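Now for the letters of each chain:
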Amino acid sequence: MYRIRHDVANKDIRIACIEEGIKFWQIAQQLGERPETISRKLRTELSPEEKKIFFKAIELIIRGK
């Protein structure tokens, strides 16, 4: 079982990834970014527009499974 701290940035994205079994590298691949870039971006809270992009990538990964 994964534990996410209460004070972590982008908790909603992290929870969605855990629930769907999606890794950050998969989001990076979907967005055409390096995995390190995705991890770095998630360290600070994303804007609502950026979150939409991440959730769209998660949705596309889920459909592709």
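Use the structure listed above.
The text that follows walks through the structure, step by step, so that each part is easy to find. Just so you know, these numbers come straight off a predicted model, no measurement behind them. (Residues numbered from 1 in each chain as written. Predicted model: local features only at pLDDT ≥ 70, side-chain atom pairs only at ≥ 80, totals over all residues. Heavy atoms only, no water.)

1. Concerning the environment of Lys 11
Then, in step 1: In this fold, Lys 11 is placed in helix H1 (residues 11-20).
Then, in step 2: By relative accessible area, which is 27% here, Lys 11 ends up partly exposed. (Helix = DSSP H or I, 4+ residues; strand = E, 2+ residues; numbered from the N terminus. Buried < 20%, exposed > 50% of the residue type's maximum accessible area, 1.4 Å probe, protein only.)

2. Thoughts on helix H4 (residues 48-64)
Then, in step 1: The terminal C-alpha atoms of H4, which comprises 17 residues, lie 24 Å apart, in line with the 24 Å expected from a rise of 1.5 Å per residue.
Then, in step 2: Residues of H4 that are buried: Lys 51, Phe 54, Ala 57, Ile 58 and Ile 61. The buried side chains of H4 occupy one side of the element, clustering within an arc of 120° when seen end-on. Opposite the buried face of H4, at more than 90 degrees from it, the exposed residues are Pro 48, Glu 49, Lys 52, Arg 63 and Gly 64.
Then, in step 3: Where the residues of H4 are buried, they touch H1, helix H2 (24-31) and helix H3 (35-41). (Expected span 1.5 Å × (residues − 1). Arc of directions from axis to C-beta. Contact = heavy atoms within 4.5 Å.)

3. What to know about the packing of H2 against H4
Packed helix pairs are characterised by how far apart their axes lie and by the angle those axes make with each other.
Then, in step 1: Running from amino to carboxyl end, H2 crosses H4 at an angle of 100°, the nearest separation of the two axes being 9 Å. In terms of orientation, H2 lies roughly perpendicular with respect to H4. Contacts between H2 and H4 involve Gln 26, Ile 27, Gln 30 and Leu 31 from the former and Ile 53, Phe 54, Ala 57, Ile 58, Leu 60 and Ile 61 from the latter.
Then, in step 2: When its residues are assigned to classes, the contact of H2 with H4 shows eight nonpolar, two polar and no charged. (Axes fitted to C-alpha atoms, helices over the stretch in contact; angles between N-to-C directions. Parallel < 35°, antiparallel > 145°, perpendicular 65-115°, else oblique. Nonpolar A, V, L, I, M, F, W, Y, C, P; charged D, E, K, R; others polar.)

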